[in-house]
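# Understanding the architecture of this molecule
Residues per chain are reported as follows:
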Amino acid sequence: MPTILTPKERMAIPRQTMPEQAPEVRRANFNEVPLGYSDEQAAREAQRCLQCKTPHCVEGCPVNVRIPEFIAKVAEGDGAAALEIIMATNSLPAICGRVCPQESQCEIKCVLAKKGDAVAIGRLERFVADHVRSQLLRGETAPLPATQPRADAPKVALIGSGPSGLACAADLLLAGYNVTMFEALHEPGGVLVYGIPEFRLPKDIVKAEINALLQRGLELMTNAVIGRLFTIDELLQHEGYAAVFVGTGAGTPKFLNIPGENLNGVYSSNEFLTRVNLMKAYLPGSETPVFRGKRVAVFGAGNTAMDSARTALRIGAQEVHIMYRRSRAEMPARAEEIHHAEQEGVQMQFLVNPLEFLGDERGWLKAVRGERMQLGEPDASGRRRPVAIPDSQYETAIDCAIIAIGTESNPLIRQTTTDLPVNKWGYIVTDETGRTTKPGVFAGGDIVTGAATVIEAMGAGKRAAAAIIQHIRALNPAVGGTPSSPEP
Ligand SMILES: Cc1cc2nc3c(=O)[nH]c(=O)nc-3n(C[C@H](O)[C@H](O)[C@H](O)COP(=O)(O)OP(=O)(O)OC[C@H]3O[C@@H](n4cnc5c(N)ncnc54)[C@H](O)[C@@H]3O)c2cc1C
Ligand code: SF4
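Summary of the structure given here. (Residues numbered from 1 in each chain as written. Chains lettered and ligands numbered in written order. Predicted model: local features only at pLDDT ≥ 70, side-chain atom pairs only at ≥ 80, totals over all residues.)

Attention now goes to the overall build of the protein chain. When helices and strands are counted, the protein chain shows 19 helices and 16 strands. Expressed along its principal axes, the backbone C-alpha trace of the protein chain runs to roughly 70 × 65 × 50 Å. Counting the 488 residues in the protein chain, one finds 47% classified as buried. Counting only contacts in the protein chain whose residues sit at least 6 apart along the sequence, the fraction spanning at least 24 positions is 69%. (Helix = DSSP H or I, 4+ residues; strand = E, 2+ residues; numbered from the N terminus. Buried ≥ 20, exposed ≤ 12 C-beta atoms within 10 Å, placed from the backbone. Contact = placed C-beta atoms within 7 Å.)

Here you go:
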């Protein structure tokens, strides 16, 4: 039996530090950086939770995981029960425990954050998912029973296999529907596999989550580009799908649009990370070419920029600079990612703006010409606008540039489904449930919101699954979904 502690005793326990690979070791490998809590550390951290009657942490979670309930089970040493509680609302806990920005979602709302350190909710979520998986591997826990949909159950098509599609699939499978997922790339997972690097999110974990859905009857078609293979209208009218969910993300890179951007050695972060992560260019003997720059500049300061910088270090760069036109305070990346990047030796250059890439006579990048900036009045985003300082131009020698200034929507779906409502940036317009004005078509994740987070995409996928079930029930009440269907 766990010791019963008073609130004062709980609050006296310090937040448990997660062990991680030392910076000088990890900057030369792609193994995961944080190593996870031990059983003792997890139990100790769980004891810090005050089990609040009104748990504000739950409000901060986009999928409303029942946080104090699962933490109580961790404190009791019952990992399987903790996982069941998490999985009731979050089908990808091992992923969310690693990449969710907890510091700005659940943990910022934790009552302990007001006077000190929040309960480490994300680390506990990761512990539970990993702990139960290792028990499963050792045969100590039985897997959840895998039920297969009936052949005559309604068919739903999902376009894209990122977190929005995976979360939508999980709830539709739970409701007993036949779900087919179409993925343009040769591997499922979206940004989880082609964007976020192995050292932050091991791909085996993503594979295990997807395999669990395949065991529950998900039909997956890879190398299947909707808009080319079928249009959305063909899926609905000729292929027998009662509804379509579009979760195609926002994977088209934005460029700086400055001279020299087509020189050899200049990459979009999207291409650079895809080559290294998805095409495994970092493995010895890999056939995927990637240029291993020695002096690398990464433009941008979000998670993608940090991932690109840390990846460049790991494939052999001697110096990596983040070049950002605002200041540290405006950096959009997670604090933990910035901290890890700096620990590994990534250098930050603030208030600098690139004007031109300069090449040698063979067309290879050799330098960037830029100008220095200062912060002016706030812009539409609420952040102070960077303004050029007159006569402040400078030149820095670099042999590789990675542009990580954001992404936008891919035009293929909207070009092939012209009655799908989109806004001026090309993102699909839906109501709060994910329903579009085109009958039977739902959407969610980055293709609706623009680049956001894994858990927000998952939340959108879950809401859309509920709306799809409601839509199908309305069409034919006899075939609606099982009583376990998530209610809209
Ligand atoms: C490098 C990087 C790091 C990030 N780090 C974090 C982080 O630490 N924490 C966090 O919460 N978020 C992070 N994000 C953001 C997060 O990954 C995204 O918000 C999330 O993946 C969006 O999910 P999604 O399902 O909308 O789309 P995606 O994950 O983009 O998946 C969309 C899928 O649709 C497929 N597709 C596109 N068009 C078609 C088509 N026509 N037919 C078939 N398939 C198609 C794509 O190939 C892709 O697999 C990061 C993003 C990047 C790029
Ligand atoms: S707010 Fe913090 S202390 Fe309260 S239940 Fe949530 S995690 Fe526990």
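Don't stop here, the text continues.
Listed as buried for helix α6 (residues 79-87) are G79, A82, L83, I85 and I86. Axial view of α6: buried residues confined to an arc of 160 degrees, hence all on one face. (Arc of directions from axis to C-beta.)

Contact geometry for helix α5 (residues 67-76) and α6: axes closest at 8 Å, N-to-C directions at 170 degrees. When the axes of α5 and α6 are compared, the pair comes out roughly antiparallel. Counting all contacts with α5, which are made through E69, F70, K73 and V74, the residues of α6 involved are A81, A82, I85 and I86. Grouping the amino acids of the contact of α5 with α6 by side-chain chemistry returns six nonpolar, no polar and two charged. (Axes fitted to C-alpha atoms, helices over the stretch in contact; angles between N-to-C directions. Parallel < 35°, antiparallel > 145°, perpendicular 65-115°, else oblique. Nonpolar A, V, L, I, M, F, W, Y, C, P; charged D, E, K, R; others polar.)

The subject of this paragraph is the site of ligand 1. Close to ligand 1 lie 41 residues, the nearest being G160, G162, G190, G249 and G445. Where the shell around ligand 1 is concerned, the elements lending two or more residues are α10 (163-174), α15 (303-314), α17 (412-416), α18 (446-449) and α19 (454-475). Considered class by class, the residues forming the shell around ligand 1 number 21 nonpolar, 17 polar and three charged. (Near = placed C-beta within 6 Å.)

Read across the open sheet, the five strands follow the order β3-β2-β1-β4-β16; overall the sheet is parallel. Each having just a single partner strand, β3 (219-221) and β16 (441-443) make up the two edges of the open sheet. Here the average twist between neighbouring strands, direction ignored, is 20 degrees. Summarising the sheet, strand β1 (residues 155-159) and strand β2 (residues 178-182) pair through five bridges and their orientation is parallel. For L158, the partnering residue across the bridge sits in β2 and is M181. The sheet strands contacting α19 are β1, β4 (243-246) and β16, and the helix crosses β4 at an angle near 165 degrees. (Pairing = 2+ DSSP bridges.)

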